[in-house]
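The residues making up each chain are set out below.
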Amino acid sequence: VRRLSLNPDDERIIAVCRRAGELSMPVIFHVADPPSFWKAGGPYDGDSGLPRFRPLIEAAGRLASRVPGTTLIFPHLLFLASDLPKAAGFLDANPACFFDLAPGNYMFSELSRRPADAAAFFKAYRRRLLFGTDGFWFPADDRLLAGDSYEGNLLRFTRLRDFLLTDREFDNPFPLSSASHPRIRGLKLTEDTLRPILAENAKRIMEAL
């Protein structure tokens, strides 16, 4: 956004996403970052070159409303794990959109603070959510996104899998919330909730290609 001056609802992005829909191609669109990045002490604190969190999410909604025939996949629950009513409202307003669960580590503490609400959200929107590992399969010396080892990527996968499937506890991996919420407990979602999230939704999207 800062380098290209392109917001999610820029007409050029809308045109590209619309064309992708005409070709039955899904679009994965990373929008924003964890809200805590903009708070005091976060990496974007005082950075006037970036839009604020809320305008970015609103722009994503405007994009989705302009391309209703395109499957848009927003990673990391669109960074709305701390506001599940807003996440639900976004999905309700945009029937072609999906959220993926690539954690970016921020969402574990947000969801585990309100496990009953989180489980209800996952059940209600189980056909609109995709399992995602947030794998860092980049070169180790990449200056933008440094890659991780096989073991590190495997840990990302197993942590998310266990968070969804079990109620075991583990250390909070997100530095900006680990002090206030050091331990995370899994949600242990039901099989009927998990089945579409883990496989069926991705299969449905791929079969439409």
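Residues numbered from 1 in each chain as written. Predicted model: local features only at pLDDT ≥ 70, side-chain atom pairs only at ≥ 80, totals over all residues. Heavy atoms only, no water.

Another aspect to go through is the pairing of strand S3 (residues 97-100). Burial along S3 is two-sided: Cys97 and Phe99 and Phe98 and Asp100, pointing in opposite directions, are all buried. The pairing of strand S2 (residues 72-74) with S3 spans 3 bridges and is classified as parallel. Of the residues in S3, the one forming a bridge with isoleucine 73 is phenylalanine 98. Handedness of the crossover is the feature at issue here: the chain leaves S2, passes through helix H3 (residues 84-93), returns alongside S3, and the resulting connection is right-handed. In this structure, S3 lies alongside strand S4 (residues 129-130), joined through 2 bridges in parallel fashion. Of the residues in S4, the one forming a bridge with phenylalanine 99 is leucine 129. (Buried < 20%, exposed > 50% of the residue type's maximum accessible area, 1.4 Å probe, protein only. Helix = DSSP H or I, 4+ residues; strand = E, 2+ residues; numbered from the N terminus. Pairing = 2+ DSSP bridges. Right-handed = clockwise from strand over helix to strand, strands pointing away.)

This next bit is on the sheet that holds strand S1 (residues 27-28). Taken in spatial order, the 4 strands line up as S1-S2-S3-S4 in an open sheet, and their pairing is parallel. Each having just a single partner strand, S1 and S4 make up the two edges of the open sheet. Examined bridge by bridge, S1 and S2 share 2 bridges and lie parallel to one another. Bridge pairing links valine 27 to leucine 72 in S2.

Turning next to the pattern of salt bridges. Counted by the stated rule, this structure contains 13 salt bridges. Between aspartate 148 and arginine 156 there is a salt bridge whose closest N-O contact spans 3.8 Å. Given a relative accessible area of 32%, aspartate 148 falls into the partly exposed group. The partner of arginine 161 in a salt bridge is aspartate 162, with the nearest N and O atoms 3.1 Å apart. Judged by relative accessible area, aspartate 162 falls into the buried class, the value being 14%. Within the structure, one salt-bridge network assembled from shared partners comprises Glu169, Asp171, Arg183 and Arg185. (Salt bridge = Lys/Arg side-chain N within 4 Å of Asp/Glu carboxyl O.)

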